[in-house]
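Residue strings, one per chain:
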Amino acid sequence: MPSLITQLSFSLFIVFLLGCLGLLLHCSNPVKAQTEAQAAPIPDRRSLLNQLWQADTILVVYGDHQAAAYSELLATVQLNRRGKTVILRGRKASEVSAAEMARVPSLLLGTWMGNPWIKHGLSRLPIQLAANGIHFDDISFSTQETIFKLFPYPNPENPQMPIFFITGNKEEAIIQFLKENHGQDWGDIFWGSWGYELYDQGQPKILGYLSDTSWQMDKRIHYAFLKNGDTLANTKHFTFINQQADLTPTAVQQLQAACEANYERILAFTGAKDPSLSIPYHLYPSSEAKGLQLKNTTVAQVDHKTKTAYVVTAEWFSGISQHLESALLLREVLGTPKWLPFEKGLATFLNPGWFEKGYHHWAQRLYHADALPTLNQLQQDQWWETTSELVKTISAATFVDFLIAHWGKDEFLKAYTHWTPQTAEMATLIPFWETFKASRFKEEAIIVSNKLNLPYCKGFNFAHEGYRVYNGYGSAQALQSMEKLRQLGTNVIGLVPYSFMRDPNTPSPIPNVEGPGMENDESTVFSHYHAKTLGLATMLKPQIWLGGSWPGDISFDTDEKWHTFFDYYSRWIIHYALLAEIHHFDILCIGVEFVKATTQQPEEWRKLIARIRQVYSGPITYAANWGEEFEQLSFWKDLDYIGLNCYYPLSKAEQSNKKVLAAAFKEVMKKAEKVSREAQRPLLFTEIGFRSIQSPWINPHAEAEGRAFNEDHQDWCYETVFKAIEGKDWVHGIFWWKWPSYLEYQGRENTSFTPNKKKAEETVRRYFGK
C-alpha cells in the first residue's frame, strides 16, 4: 500500500497536468476565452454611454463588398458633441482586429454576410440572421428593406466598451436608410436612439430596450407596430390609413367629410383647378403613438416630399382641427411661398374650426392682452425663432387676414409666392395694421369671472421624469401613474412643463420646448386630458430651470434689462395662458419662486396679471418661495389664490420627533394664515415636500447629499403637515412635491421626494381618503 506522502505527490502531479491542459485549451480556444471574458461583470447602459461621451474617436466597421459606398457616405458625415468634433474612423471588416475594436466605441454596418463581425457580436441576442431574412422576437422579416439597429451593447471583445449595430438584408438598403434617416449628422444614432429598432420598408415595426442588467429584451419597454397600415377608407382626395387609432365608423365618416370639405374650401378660395391630389392620411391614437413611430409628437404634420399627412385623432386634442393637410394643397395650387409664414397663416385663416373656434377667437384674446406682434417683430427672424408655435400660427393668420383685407384677395394671391416683408413697405403698413387690429378685434374677448370653481385640492405636482416619449407626459405609463394617484384619493394634479434660462442676470428668450420626450405642449395637454378622464382637476404650472442657480436669483442692474426680461417672460407665460384657456385647465400658476423679480418689480407683475386675465378666464395663482417672498409679496390681492412653496425648516436637529415637528409647523401655519387673512385670499400649498432621507426636516428643499434612505422620517413630515392643515378654512388644499410620470422611477429605496411605494404613500391614502 503506497504511503500517504506518495499519494499526495501523485495527486499534486495530476492537478498540475490538468492545470497545464486547461491553460493550453484556454490559449488555443478563443471562443472559450471570450466566454470567460463575458462572464466578467457586465456594465449597465449608463456606464457604456459614459464611455461614449468620453471618446474622441468612434470606429466604424463595414463589409468589404460595399466598402467604397460606405466610405463615401462616411466622408460626408459630421459628429459633434457639445461643440467638440468626434472622429468617425471607417475600416473594412477584414482589416479590423478584435484588439482594435476593444479599445474604442464601435459601430458595425452592413449585412451579416458582408460584415462577419455583426453575426459574431449579435450571437447572445434573440435575433437570428439568415439568408432568408432577419428573425427577431419570433417574427421573420424577409424584405430587402428590413433594417435592425442596436444601441448601445457591451462589446464582446471588451464588455466595458459600447458597440452599436445597423444591419439588414441588403447592403444598398442599409446605405439608403442611413442617407434618408440620418443624413450628414449621425448624432441621433449614438445619443438619440432606442435600445433596439427594427424597420421594414421605411416604417418602424419594433422599438424597445434591453435590460440594464441581463442585456436581454425588456418587455416592459417593447413596442410592436406590426398591424399598422390598414386602409380605413378612401375618398376622392384622401386615403385614411390606420396606425392603431381606435375610431368608430361614425368618426371615420366625420373625418372623411371634414377633410373633403376643407379641400373644397381651399379650391373655392384660390379659384384653382383641382390638382386631384390623393393624400395618404395616417391616423394615430395619441401623441405617444405618433412620437414612438415618427420621433415627432406634434398632433399634425405633413411631408411635402411624399405629400403625406400624419394626424393624431384623439377626440379631445385632435390634429384634425388644424387641417394641416391644407399646406399640401396650397403648395400644389399656389406654389411654395418665399415667406413661409404665408402658408401657415393662410391654411389657418381658411379653417373655421381651428382649435374649435377658429383663429379669430384666439387672436382676439391675444390682441386684448397686447400679445399680437408688431410689424417690426413680424419681419425679424428672432421673433419667429423664439415665439411659440401656437402664437406664431395665430399671428401668421392675422397678418394674412390683414393683407387680404388691405390688398384684396386677388392681389394677395398674386403676391403669395414672391412677397417678403421689406422694412420700407412694412413701415407704410403700420397705421393700417393697427387700425385693422383695433377694428377686427374691438370687442372684449373675456368677461373675467371671480367665481372660483376649483375643488379643495388634494393633489401632487405631477413631474415629467422620464424624458422619453414612452414614460413622460402624454404616455400610457403616465396615465398608469395617474391612475394610482386617483386610487390614493388625489383629486387634482399640477402639470409642470419646464423651460430654461442660462444666466439669471442676463435676459434672454425663454423657449417653449418642442422635442419628443420633452414637456412639450402636446404631451402636457395629453396628460391634462388623461387626468380629466380620471376625474382629476388640473393646474398648469410652467417653471424656469437655471443650471447652477434658481429663479430666485433672477435680477438685473438696469431698467432696460428688466424691460427685456418681462418682454420675454410675458411672451412665454401668455403662451401657457392661451394653452390653458384652449384646453380648459382648472387653474393657472403664472410663476414660481421669482424672489427678487417679484419683490423688486411688483408693478410689472401687476401689468402681467392684467394681460393674462385677457387670455385665460380661470383662476390664477403664483407660487411664492417660503420666507421673505411669500410673507412680503405685495400683489396677492391681484390673484385668486395665494400660492406657497413651503420648505420652511422644521428642526435643526438630526434626531427629532413628531411633537417637535408639529410645534414647528404650527409656527409656519401662523405665518401662512396671517398672509391669507390680510390678502383675503385662500391659500394653496403649491409645493411642499420631503425627501425620504435621514432628517429631511432640517432643510426640506435640499438635495439628498449622500444622506441615507429613511422612509419613516419622510412619513413623519407628511403626517405633521396633514394634521396641521386639517379643518383650516383659509387653506384650499395642497400640491405635494412630487409624483413621477412613471411608477418605476428610481426604484423602491430612492431618496427622492416621491412617496411612491414608501410608507408616506399610505399616509396620503388615509388623509386624502377622508
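Predicted model only: the values in this text are computed from it and were never measured.

Q: Honestly, the packing of helix α19 (residues 476-487) against helix α20 (residues 521-533) in this entry has me stumped. Any pointers?
A: Two measures define how a pair of helices packs: the angle their axes make with one another and the distance between the axes. Look at α19 against α20: their axes get within 10 Å of each other, and the N-to-C directions meet at 40°. Regarding α19 and α20, the two cross each other, and that crossing is right-handed. Contacts from A478, L479 and M482 in α19 reach S527, H530 and A531 in α20. Residues belonging to the contact of α19 with α20 are distributed by class as follows: 4 nonpolar, 2 polar and no charged.

Q: Help me understand the nonpolar core, please; the structure alone is not making it clear to me.
A: One recurring pattern in soluble globular proteins: nonpolar side chains tend to sit buried together. Of all hydrophobic cores here, the largest spans 155 residues; its most connected members are F399, F665 and F685. The biggest single contributor to this core is helix α21 (residues 559-582), with 13 residues. Apart from residues no more than four positions distant in its own chain, F399 is found in contact with W339, F342, L375, L378, W419, M426 and W433. Residues M101, F141, F148 and I163 belong to the second largest nonpolar core, which totals 28 residues.

Q: Hey, could you run me through the pattern of salt bridges in this one?
A: If the charged atoms of two oppositely charged side chains come close together, the side chains can form a pair. With the rule as written, the count across this model stands at 40 salt bridges. We note a salt bridge from E604 to K607, for which the minimum N-O separation is 3.7 Å. Of this pair, E604 and K607 both sit in helix α23 (residues 602-613), separated by 3 residues, roughly a single helical turn. Close ionic contact of K759 with D712 constitutes a salt bridge, the shortest N to O distance being 2.6 Å. Taken together, the residues span a long stretch of sequence, with K759 in helix α27 (residues 759-768) and D712 in helix α26 (residues 711-725) at a distance of 47 residues.

Q: Looking at this model, I keep getting lost on the layout of surface pockets. Mind explaining?
A: Regions of empty space are outlined by a rolling probe, equal in size to a water molecule, passed over the atoms. Space inside the largest pocket adds up to approximately 1500 Å³. Around the largest pocket sit 37 residues that line it, and Y209, G466, R468, Y470 and N471 are the ones nearest its centre. Elements with a contribution of two residues or more to the lining of the largest pocket: α3 (45-54), β9 (147-155), α8 (187-191), β12 (203-210), β13 (217-224) and α19. Considering each element in turn, the lining of the largest pocket owes the most residues, 5 residues, to α3. Taken together, the residues of the lining of the largest pocket break down into 17 nonpolar, 11 polar and 9 charged. In this structure, the second largest pocket spans a volume of roughly 1100 Å³.

Q: Whenever I open this one, the pairing of strand β7 (residues 133-136) confuses me. Can you help?
A: Two faces make up the sheet, and in a regular strand the side chains alternate between them. Pairing of strand β6 (residues 127-130) with β7 involves 4 bridges; the strand directions are antiparallel. Along β7, the bridge assignment pairs L129 with I134. Between the end of β6 and the start of β7, which pair antiparallel, lie 2 residues. Here β7 pairs with strand β8 (residues 139-141) via 3 bridges, running antiparallel. What sits directly across from H135, in β8, is S140.

Q: In this structure, what is going on with α23? I would like to understand it.
A: Think of an α-helix as 3.6 residues a turn; residues three or four steps apart then line up on the same face. Over its 12 residues, α23 runs 17 Å from end to end, which matches the ideal 16 Å to within 8%, given 1.5 Å per residue. On its buried side, α23 packs onto α21, β24 (587-592), α22 (595-600) and β25 (620-625).

Q: Is there a simple way to think about the sheet that holds strand β26 (residues 641-646) in this case?
A: Think of a sheet as strands paired side by side through backbone hydrogen bonds, with each pair either parallel or antiparallel. On the basis of which strands lie adjacent, the closed barrel formed by 8 strands has the order β19-β20-β22-β24-β25-β26-β27-β28 and parallel pairing. When strand polarity is set aside, the average angle formed by the axes of neighbouring strands in this sheet is 25°. One ladder, built from 5 bridges, connects β25 with β26; its direction is parallel. Opposite N625, over in β26, you have N645 as the bridge partner.

Q: Can you help me understand the state of the cysteines in this one?
A: By definition, a disulfide links the sulfur atoms of two cysteine residues through a covalent bond. Under the definition given, this model contains 0 disulfides. For the unlinked cysteine C646, the closest cysteine sulfur is that of C717, found at 11 Å. Residue C646 is classed as buried on the basis of its relative accessible area of 2%.

Q: Looking at this model, I keep getting lost on the side chain of T167. Mind explaining?
A: You can see T167 is positioned in strand β10 (residues 158-168). At 2.7 Å, the side chain of T167 forms a polar contact with the backbone oxygen of G110. Non-local contacts of T167, meaning those with residues more than four positions away in its chain, are made with G110, T111, W112, I118, L122, I134, T146, I147, F148 and I174.

Q: Please clarify how the sheet that holds strand β17 (residues 300-303) should be interpreted in this entry.
A: Judged by pairing direction, the sheet is mixed, and its 5 strands sit side by side in the order β14-β15-β16-β18-β17 without closing on themselves. Taken across any chain shown, the strands that pair with only one partner, and hence form the sheet edges, are β14 (230-234) and β17. Each neighbouring strand pair of the sheet contributes to a mean axis angle of 25°, computed without reference to strand direction. With 5 bridges connecting them, strand β15 (residues 238-242) and strand β16 (residues 279-284) associate as parallel partners. Bridging from a neighbouring strand, F240 pairs with Y281 of β16. Sheet strands touched by helix α9 (residues 249-270): β14, β15 and β16. Its angle to β15, the strand with the most contacts, is close to 145°.

Q: Help me out: how do you make sense of the pairing of strand β20 (residues 492-495) in this one?
A: Residues V492 and G494 line one face of β20 and the alternating positions I493 and L495 line the opposite face, and both faces are buried. Relative to β20, strand β19 (residues 457-463) runs parallel, the two sharing 4 bridges. Considered in β20, the bridge of G459 is made with V492. With respect to chirality, the unit in which β19 leads through α19 into the neighbouring parallel β20 is right-handed. Here β20 runs beside strand β22 (residues 537-540); their pairing, made up of 4 bridges, is parallel. Residue pairing for β22: G494 is matched across the bridge by M539.

Q: What is the right way to look at the confidence of the model for the protein in this model?
A: Residues shown with low pLDDT carry predicted positions that ought not to be read at fine detail. Per-residue confidence for the protein gives a mean pLDDT of 91; residues scoring 70 or more make up 94%. Predicted confidence for residues 1-38 stays below pLDDT 50, and this span has 9 contacts to residues more than four positions away or in other chains.

Q: Could you clarify how one ought to interpret the side chain of T720 in this entry?
A: Along the chain, T720 turns up in helix α26. Take T720: its relative accessible area is 8%, and that puts it in the buried class. Discounting residues that sit within four places of it in the chain, T720 has contacts with K658, L661, A662 and F665.

Q: In this structure, what is going on with the environment of S692? I would like to understand it.
A: Along the chain, the position of S692 falls in the loop between β27 (683-688) and α26. Distance from S692 to D274, taken between C-alpha atoms, is 65 Å for residues 418 residues apart in sequence. With sequence-adjacent residues up to four places away left out, S692 is seen in contact with A708, F709, N710, E711, Q714, N750, T751, S752 and K758.

Q: What exactly am I supposed to notice about helix α10 (residues 287-294) here?
A: Within α10, 7 of the 8 residues are buried, which leaves the element mostly enclosed by the surrounding structure. Every buried residue belonging to α10 is among S287, E288, A289, K290, G291, L292 and Q293, and all of these are buried. A positive backbone phi angle near 55° is found at K295, which sits one or two residues after α10.

Q: What am I meant to see in the packing of aromatic side chains here?
A: Aromatic ring pairs are reported here in terms of the distance separating the ring centres and the angle at which the planes meet. Evaluation of the coordinates by the stated rule reveals 70 aromatic pairs. Taking 4.7 Å as the distance between ring centres and 80° as the angle between the ring planes, the aromatic pair formed by W354 and F355 counts as edge-to-face. Note on W354: relative accessible area 3%, which makes it buried. The ring of F269 has K409 sitting right over it, with the charged end atom 4.9 Å from the ring centre.

Conventions we followed
Residues numbered from 1 in each chain as written. Predicted model: local features only at pLDDT ≥ 70, side-chain atom pairs only at ≥ 80, totals over all residues. Heavy atoms only, no water. Axes fitted to C-alpha atoms, helices over the stretch in contact; angles between N-to-C directions. Helix = DSSP H or I, 4+ residues; strand = E, 2+ residues; numbered from the N terminus. Left-handed = near helix turned anticlockwise from the far one by under 90°. Contact = heavy atoms within 4.5 Å. Nonpolar A, V, L, I, M, F, W, Y, C, P; charged D, E, K, R; others polar. Core = buried A, V, L, I, M, F, W, Y, C linked by side-chain atoms within 4.5 Å. Buried < 20%, exposed > 50% of the residue type's maximum accessible area, 1.4 Å probe, protein only. Salt bridge = Lys/Arg side-chain N within 4 Å of Asp/Glu carboxyl O. 1 Å grid on protein atoms, 1.4 Å probe; cavity = no way out; pocket = protein on both sides within 12 Å on 5 of 7 lines; lining within 4 Å. Points joined across faces, edges and corners; volume = space filled by probe spheres on them. Pairing = 2+ DSSP bridges. Expected span 1.5 Å × (residues − 1). Disulfide = S-S within 2.5 Å. Polar contact = N/O pair within 3.5 Å; in protein donor to acceptor, adjacent residues only side chain to side chain. Right-handed = clockwise from strand over helix to strand, strands pointing away. pLDDT = per-residue confidence, 0-100. Phe/Tyr/Trp six-rings, centres within 6.5 Å; stacked < 30°, edge-to-face > 60°. Lys NZ or Arg CZ within 6 Å of the ring centre and 35° of its normal.

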